[in-house]
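Each chain is listed here by its residues.
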Amino acid sequence: MNTDRIKHILARVEKPGRYTGGEYGELIKDKNAVDLRVAFCFPDTYEIGMSNLGMKILRDCLNAKDWLWCERCFAPWDDMEREMRREGVPLYALESGDDIKDFDIAAFTLQYELCYTNVVNMLSLAGIPLFAAERDESHPLIIAGGACAYNPEPMADFVDVFSIGEGEYALVELCKLYREYKKAGRPRAEFLRAAAKIKGMYVPSLYEVSYGEDGRISDFRSKYEDVPERIEKTFLTDMDSAPFPTCYEIPYIDTVHDRMVLEVFRGCIRGCRFCQAGIICRPVREKSPEVLDRQAREMYKRTGYNEISMCSLSISDYSGLEGLLERLLGWTEKERINLSLPSMRIDSFYGELMEKAMNVRQSGLTFAPEAGTQRLRDVINKNISEDEIMAGCAAAFDRGRTALKLYFMNGLPTETDDDIRGIATLAQKIVDLYYSKKRQKGKGVTVTVSVSCLVPKPFTPFQWMGQDTVDELKRKQLLLKECITTRKIVYNYHDSEVSFLEAVFARGDRRLSAAIAEAVRRGQRFDSWDEFFSYSTWTQVFEAVGIDPAFYANRSFDYDERLPWDHIDCGVTKEFLRREAELAVAETTTPDCRSRCSACGLQDKGCTLWKKGGAN
Amino acid sequence: MQPIVKYTLRVCWQKKGNAKYISHLDTQRTVTRALVRSGLPLYYSQGYNPHLKLVFALPVSMYQEALYDLFDIDLLERVDPAAAAEAINSALPEDMTVISAAYPVKKFKELVFASYDMRLDTALSAAEVTEMLAGEVRVEKKSKKKCQVVDISPMIKSLTAEDTEGGVILRPVLSAAPDAYLNPKYLVDFLGDKVKGCDTVRTMLFDGDMEPLK
């Protein structure tokens, strides 16, 4: 892009390379030769957005169309925002440098709840009216997708169309329709009505919500007969033929994940009861090792990166893992490429191949037992026994690892103080295990215990359960602190106030749009960043708009209550989730999908595990 | 183990446009990846953490462009320099361009001077700028360890100035020896508030005889 108009600004801000584009691999099209211009907006910094695989995939799908040019846009850091506002420079796209307000479509990805203020702030910075009701065909169409779109309600007042599920094909479909309506010069309202008929597209303004005296939703219905009552998510059925970008911009500046990302499969065979991704990404769909190897080679040739990070939920559950590693190691070692395998289960096969595949330069390993006692691990359906945890740690120590990181959660349903103490006991056992073994002289062990707070998420068995209050979470955090008596255990925990706000928006309804708008008006943004998060501001915001945040975060919802996201169909049935919720309380586990099908609802909607004999 | 035979290739390149917003560390990483993509037979150090042997003659500071910059890269084979230049160039972003490649004539430590084009946004005239820079030029010079006021005039070999639309073009030749490098921004610092902005482009690197460093 031409940076002349912001030259003096760039001289005053940190890391100006975030705001100029021009990286190797950047896609420039002739803007006069396309019918539709889309700005793919990531509501966080360049460094985070450029690390996001979903954004790469979707932009690639859109740019494959010669009539469309999809560019990038990120949230400017506050120093840049200040300068832009002072100088009257509106939000622009990195490729052309053109103002977002002049685009046809601005597409936001909602990766986590705390980016909502950034989305709205970016609209404000772009000079686009914040509320959908204030916009017409003279403004860009504002669309949004991503994991948080599964409960789109808190953002309902700002977004014209939500794309629910995987957008590879659905997004192109929507753009096609928009192009048609734009050409014909038809009004925005007509377009929205038509868009609502595309599978996976949710137009919040076409629905009416009523509330009872107790504040709960009493009714939710579409305003028109031809607008579907339920919005079914879209998803790909064959991953081998799925669009996958092997060529993309290589950032100049250091980003969070500055490496090749190889998506191995989608979905998860486990059914951890706190995990939203494990449910909404169902069914399990794998790519074949041959396709992955080919994509990795092509990516390497085009990017020059020296690391491949394999991406999936629970990578050790990939059925072709051994074959894939063999293929990759056949050429990556020679090219000095490191492989990294995130999200390994502690009970997974930990053989020579795996060790070889892992970055030799890192001495640590990370596992996620999630809970400190077997009872609570059964409640959350983690399906890992203490023996398996100890065996996994022993294997890691035997191979010379001296640093282990363990992830846990506080505030899980049915959690007692004994469960909290159990975390300390387990960590201590692992430390003792290390010292019981023959080891390298002079090398100590570090066990890092990292504890987050449970945020009950929509479309999980825990969706009905209220979150522990901030005070209760803090009490539990301190209790655990007191139980840890050795410096060999490093204890970190998440800010419970941040988790509270996440829970409010995760389980919220569209009345929360007012709170988001008010928070942005008061200058809140980058809520997921410590330096910007302000609990006191948020408390004042909720007070000002007359919303009790505890109603959303801490209240347990009734099983027969209408949930704010009940009109979204993620494929998994509410009956299954409820069954799982009841099993959780009964401390009963559910086997993984390969061992036995639990009839989550996808068994006749494209799940292949079900057909492979897992069924009973 | 037999020592590996290495061939050092010298690449002459330019860093222009938006690439001026990229720090040296990020530039190094960008060039490294471009070299990998170029498919050249690169030499890697043989240690625990293999890396390329890539040396820059004199990286330009952030916010400055370079029309003449050099880096050396060690290769495992003696390749055709013109073909190598083409291969690297096609793997670089648009604002970084390879002009040529050759086997080095001189060492980087023989670098003594560098010339610049500095477009000053100022109400001063060329004559006034020349006048101001004619005597002692005392500026606050910061290094990692200390900050001191020094007279940099001995490090200014020569300079010319020319009036232009909206300001002055200053063309200094400054010391650029490894132990006596003068960043051109100090000239702007010295001129003070009267200069509202400055676009700096490095135009050439010279040896002690004012011959282009090759």
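Residues numbered from 1 in each chain as written. Chains lettered and ligands numbered in written order. Predicted model: local features only at pLDDT ≥ 70, side-chain atom pairs only at ≥ 80, totals over all residues. Heavy atoms only, no water.

A. Quick look at helix 16 (residues 496–506) of chain A. All names here are of chain A. With 10 of 11 residues buried, helix 16 is to be regarded as a mostly interior element. What helix 16 keeps buried is the set S496, E497, V498, S499, F500, L501, A503, V504, F505 and A506. Tucked inside the fold, the buried residues of helix 16 contact helix 5 (116–126), strand 17 (446–453), helix 15 (470–483), helix 17 (513–521), helix 18 (535–545) and helix 19 (549–553). (Buried < 20%, exposed > 50% of the residue type's maximum accessible area, 1.4 Å probe, protein only. Helix = DSSP H or I, 4+ residues; strand = E, 2+ residues; numbered from the N terminus. Contact = heavy atoms within 4.5 Å.)

B. The pairing of strand 9 (residues 167–177) of chain B, seen in detail. Residue and element names in this part refer to chain B. Within strand 9, 10 of the 11 residues are buried, which leaves the element mostly enclosed by the surrounding structure. Sheet analysis places strand 5 (residues 113–122) next to strand 9, joined by seven bridges and oriented antiparallel. Bridge assignment links M118 to a residue of strand 9, and that residue is L170. The pairing of strand 8 (residues 156–164) with strand 9 spans eight bridges and is antiparallel. Residue pairing for strand 9: I156 is matched across the bridge by L174. Counting the residues that bridge the hairpin from strand 8 to strand 9 gives two residues, and of these G166 lies at a positive phi of roughly 80°. Relative to strand 10 (residues 180–181), strand 9 runs antiparallel, the two sharing two bridges. The partner of A176 across the bridge, within strand 10, is Y181. Between strand 9 and strand 10, which follow one another and run antiparallel, lie two residues. (Pairing = 2+ DSSP bridges.)

C. Here's a closer look at the sheet that holds strand 14 (residues 338–340) of chain A. Residue and element names in this part refer to chain A. Spatial ordering of the open sheet is given by 10-13-14, a layout of three strands whose pairing is parallel. Across the chains shown, the open sheet's two edge strands, defined by having one partner strand only, are strand 10 (260–263) and strand 14. Across the sheet, the mean angle from the axis of one strand to that of its neighbour is 25°, orientation sign disregarded. This element, helix 10 (residues 321–332), spans strand 10, strand 13 (307–311) and strand 14 of the sheet and lies at about 170° to strand 13. (Axes fitted to C-alpha atoms, helices over the stretch in contact; angles between N-to-C directions.)

D. Summary view of the sheet that holds strand 4 (residues 141–145) of chain A. Residues and elements named next belong to chain A. A sheet is described by the order of its strands in space; here six strands give the open sequence 2-1-3-4-5-6, paired in mixed fashion. Each end of this open sheet is capped by a strand with a single partner; those strands are strand 2 (68–74) and strand 6 (201–202). Judged from the four bridges that link them, strand 1 (residues 36–42) and strand 3 (residues 105–109) form a sheet pairing that is parallel. If you follow V38 over to strand 3, its bridge partner there is I105. Contacts from helix 5 reach strand 1, strand 2, strand 3 and strand 4 within the one sheet, and its direction differs from that of strand 3 by about 160°.

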